[in-house]
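# Chain and residue survey
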Amino acid sequence: LIKSTYPPNLNQPFTYCELACGRGYTTNLLASCYPHAQFYANDFNPNHIFEARKLAELAGTNNVHFFDDSFTQFLDRDLPQFDFIALHGTYSWISSENRQAIAEFISKNLKVGGLVYISYNALPGWAATIPMRNLMFRQSQNSSQPIIESIEEALNFTERLIHSNASYFVQNPSLKSRYETLKQQNRHYLAHEYFNKDWNSFYFDEVVKELDLAKLNYVGSAQLTDYIDILNLTPQAQEELSKIKDPIYREVVRDFFVNTQFRRDIFARGRLQLTPLQHSQILENTRYALIIPLSQVKLEHSFPAGGVTLQAEIYQPICELLAESTLTVKELRTHPSLQKMLLNNLYQALVVLTGIGYIHPAVDDQTCEERKPSTTAFNNAVMEKALVSDEMNYLASPLIGNAINVSTIDQLFLHAHRLGEDGVKFVWNTLSNQNKKLVKENQVLETPEQNIAHLQHLAKNFNTHNLPLLKKLGIT
C-alpha cells in the first residue's frame, strides 16, 4: 500500500529540526516524547522563541534548543546533521529568497537517508480562490485600520461584491461557501493564512524543482488515506493515472483529479528499497493503539471520492480489540476474531484508521515507561497553563510518541483528578475566577446553574470515556 523504504529507528538517538516553529508547542511536545533525541527549532519572532523556551523551562525539557533566527541566520549557525527536518504551514507564506534559504539549509544540514516533511497550499485546488484572496489582501492594504480591523473591512467588502452578483463570484459559485467558512475563522488565523504579504500556491513539480538543490527524492504523502485510491479517485481517474510513467508528473495530474488544496509531502535524501519480506516483517511487528474512545468510532466518512461507509465487519472488530490493549499487526492477524479476514483488508483498514486519526503506531510497555517522566513533566506544564488560558489543547502520549487532543476543560478535569478534588467544582471555580462561561450548542450559558449542569454532563463523559483512554495512553 505504501512505498517501501527503510523507516527511521526512533528508539535510537536522532536529531530533529523544525523550521519556523512558531511558539514551539509541537517541538516541545515531541522533545518530551523522545528524551534520547535532540531537537532544534527556529522562528524569526523573538516573542515566539521566548514562549517556546519558557515552556521548555517549565517542563524541564533539556533536549530542545530554540533560536530567534531568520532562515539565512539559521543557515549560518553551527548545527548538527539532522535525521528529520520539518516545516508545516510555512512554505506558502514566505518569499522566494526564503524558500531558497530553506533549500540551502536542507542541503547543508540533512543527513544522507534523512527525511523532510513539508506542507504547502497546492494547485489546482486554490486556483479559483486566489483572486478572492488577492482582492481581500488589496482591500486590507488600502485600509488605515490595524490588521484585525482591516481584515474585517476586507471581509465585509467581499461580501458586498458577492451580494452585488459580481461576475467573478457568479461564475465561481463555490466561492460563496468558501467565504462563509472564512467569516467563521479566528481573525488572527486569517491574518497569517490569507493576509500575509507573501502568499503562494504551488504545483507539486514546482516544489520538487525548488528542492532539487538538496538532492531530495519524493517518498510519498504524509496523509495516509492518500494511498487508498478508492477513497480518492474514480475508476476512470485511476486508469488515466496508471498510464503516466513519470511519478512526479503523475502527482501533478492526480492533484487535478482530487482538486488538491493542501499537500503534506515527505522527501528523503537517498532511499533504499525494502524487499517484500523486509516490508512484511516491519509491518508484522508494528504495534497499534486506539487513540479515541471506542464510543466515538464512526463508520461514515467523507473523502475526495465522496462519502464512504467503512465495512463494519472489518473495522469494528479491529477497533474493539485495540480498545482493550495495544496489539501488533501479527497479534491482530492471528486473533481468533480476525483470522478469516483477508490480509490486504487488514492492512488497508489499519492505514485508513491511522489516516482518519482513530489509531496510531505505539511502543512497548518498557519504552512507554521510559518516556513517562518527561511527558508527564511536559503535560503538567501545559495543564498549569490551562488554569489561566485555553490556547494549548494537546498533551503528550508516551505510548504513541505524539500529541493527543485534550480540550482545556478535560485538562482541568484531569488536573482535579490528580489533586483528588471534585472535578465540577474545580473547573467551575477556575472558569468563574476568569469570568468565563461555557458554550453549549453555540449558546453562551449565562447562569452558574446552567454552567454547572453542563459541567456535570461533561464530567460524566470525561470519567466514563476520556479518563480511561488517557490512562491507556500513558498520559495519567
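In short, a report on the structure. All values derive from a computational prediction rather than experimental measurement. (Residues numbered from 1 in each chain as written. Predicted model: local features only at pLDDT ≥ 70, side-chain atom pairs only at ≥ 80, totals over all residues. Heavy atoms only, no water.)

## Brief notes about the overall build of the chain
Counting its secondary structure elements, the chain contains 21 helices and 16 strands. Taken against the 2.2 N^0.38 rule, which gives 23 Å for 476 residues, the C-alpha radius of gyration of the chain at 24 Å falls within 12% of a compact globule. Overall size of the chain, expressed as C-alpha extent along the three principal axes, is 60 × 60 × 50 Å. Per-residue burial for the chain yields a buried fraction of 48% across its 476 residues. Of the roughly 23,900 Å² of accessible surface on the chain, 50% is carried by carbon and sulfur atoms. Across the chain, 42 positive and 49 negative side-chain charges occur, with their mean positions spaced 2 Å apart. (Helix = DSSP H or I, 4+ residues; strand = E, 2+ residues; numbered from the N terminus. Rg over C-alpha atoms; globule rule 2.2 N^0.38 Å. Buried < 20%, exposed > 50% of the residue type's maximum accessible area, 1.4 Å probe, protein only. Areas by Shrake-Rupley, 256 points an atom, 1.4 Å probe, with all protein chains shown as cover. Lys, Arg positive; Asp, Glu negative; His and termini not counted. Charge placed at Lys NZ, Arg CZ, Asp CG, Glu CD.)

## Overview of the pairing of strand β10 (residues 306-309)
Two elements, strand β9 (residues 300-303) and β10, share four bridges in a ladder whose sense is antiparallel. In the sheet register, H301 faces β10, and the bridge partner there is V308. The antiparallel pairing of β9 with β10 creates a hairpin that spans two residues between the two strands. (Pairing = 2+ DSSP bridges.)

## Topic: helix α15 (residues 312-324)
Residues separated by three or four positions in an α-helix point in the same direction, a consequence of the helix having 3.6 residues per turn. Taking 1.5 Å of rise per residue, 13 residues should cover 18 Å, and α15 covers 18 Å from first to last C-alpha, within 8% of that figure. Those residues of α15 lying buried are I314, Y315, P317, I318, C319, L321, L322 and A323. Looking at the buried positions of α15, the neighbouring elements they touch are β8 (287-290), β11 (327-328), α16 (329-334), α17 (343-355), β12 (359-362) and α21 (448-472). (Expected span 1.5 Å × (residues − 1). Contact = heavy atoms within 4.5 Å.)

## Re the sheet that holds β8
In spatial order, the strands read β11-β8-β12; together these three strands make up an open sheet with antiparallel pairing. At either end of the open sheet lies a strand with only one pairing partner, and these are β11 and β12. Of the pairings in the sheet, the one linking β8 to β11 comprises two bridges and is antiparallel in character. Residue R287 lies in a different strand from β11, and its bridge partner there is T328. Against the sheet, α17 contacts β8 and β12, and its axis sits at roughly 105° relative to β12. (Axes fitted to C-alpha atoms, helices over the stretch in contact; angles between N-to-C directions.)

## Some points on the nonpolar core
One finds F39, F66, F378, L414, V427, L455 and L473 to be the most contacted residues of the largest nonpolar core, which totals 59 residues. Not counting residues up to four positions away in its chain, the partners in contact with F39 are F14, Y16, T27, L30, A31, Y34, N63, V64 and H65. Membership of the second largest hydrophobic core comes to 31 residues, among which are F67, I85, V207 and L211. (Core = buried A, V, L, I, M, F, W, Y, C linked by side-chain atoms within 4.5 Å.)

## Thoughts on the environment of R53
Residue position: R53 is located in helix α2 (residues 46-59). When its relative accessible area of 43% is taken as the criterion, R53 is described as partly exposed. Along the chain, R53 and N28 lie 25 residues apart, while their C-alpha atoms are 8.7 Å from each other. Residues in contact with R53, not counting those within four places in the same chain, are F66 and F67.

## What to know about the layout of surface pockets
Taking a probe equal in size to a water molecule and rolling it over the atoms shows the remaining empty space. When its volume is computed, the second largest pocket comes out at roughly 770 Å³. Taken together, 32 residues make up the lining of the second largest pocket; nearest its centre are S221, D226, Y227, E251 and R254. Every element with two or more residues in the lining of the second largest pocket is listed here: β6 (217-221), α11 (229-232), α12 (235-242), α13 (247-258), β7 (262-268) and β9. Considering every element that reaches the lining of the second largest pocket, the biggest residue donor is α13, with six residues. Classifying every residue of the lining of the second largest pocket by side-chain character gives eleven nonpolar, eleven polar and ten charged. (1 Å grid on protein atoms, 1.4 Å probe; cavity = no way out; pocket = protein on both sides within 12 Å on 5 of 7 lines; lining within 4 Å. Points joined across faces, edges and corners; volume = space filled by probe spheres on them. Nonpolar A, V, L, I, M, F, W, Y, C, P; charged D, E, K, R; others polar.)

## What about α2?
Spanning 14 residues, α2 covers 20 Å between terminal C-alpha atoms, matching the ideal 20 Å at 1.5 Å per step. Buried residues of α2: I49, A52, L55, A56 and A59, and no others. An end-on view of α2 places all buried positions within 125° of arc, on one side of the element. Residues N47, F50, E57 and L58 are exposed on α2 and point more than 90 degrees away from its buried face. (Arc of directions from axis to C-beta.)

## Regarding the pairing of β6
Where burial is concerned, most of β6 is hidden: four out of the five residues are buried. Relative to β7, β6 is paired through four bridges, and the arrangement is antiparallel. Paired with Y218 across the bridge in β7 is F267.

## Quick notes on the packing of helix α18 (residues 365-386) against helix α19 (residues 408-419)
Angle between the axes and distance between the axes are the two parameters that describe a pair of packed helices. Look at α18 against α19: their axes get within 9 Å of each other, and the N-to-C directions meet at 110°. Relative to α19, α18 is oriented roughly perpendicular. As α18 runs across α19, the sense of the crossing is left-handed. Residues N380, V382, M383, E384 and A386 of α18 form the contact with α19, whose own contacting residues are T408, Q411, L412, L414, H415 and R418. Looking at the contact of α18 with α19, its residues break down into five nonpolar, four polar and two charged. (Parallel < 35°, antiparallel > 145°, perpendicular 65-115°, else oblique. Left-handed = near helix turned anticlockwise from the far one by under 90°.)

## What about the packing of aromatic side chains?
All chains considered together, the criterion is met by 20 aromatic pairs. On the basis of an interplanar angle of 80° and a centroid distance of 6.2 Å, the ring pair of Y120 and F202 is categorised as edge-to-face. Note that Y120 is positioned in strand β5 (residues 110-121) and F202 in the loop between α9 (187-193) and α10 (204-210), a separation of 82 residues in sequence. The pair Y120 / F202 is uniform in exposure class, with both members buried. Sitting over the face of the ring of F137, R133 holds its NZ or CZ atom 4.7 Å from the ring centroid. Taking NZ or CZ as reference, R178 lies 4.9 Å from the ring centre of W126, over its face. (Phe/Tyr/Trp six-rings, centres within 6.5 Å; stacked < 30°, edge-to-face > 60°. Lys NZ or Arg CZ within 6 Å of the ring centre and 35° of its normal.)

## Observations regarding the sheet that holds strand β2 (residues 38-42)
Overall, mixed pairing links the seven strands, which are arranged β3-β2-β1-β4-β5-β7-β6 in an open sheet. The open sheet has two edge strands, β3 (64-67) and β6, and neither has a second partner. When the angles between neighbouring strand axes are averaged without regard to direction, this sheet yields 20°. Note: β5 against β7, seven bridges, orientation antiparallel.

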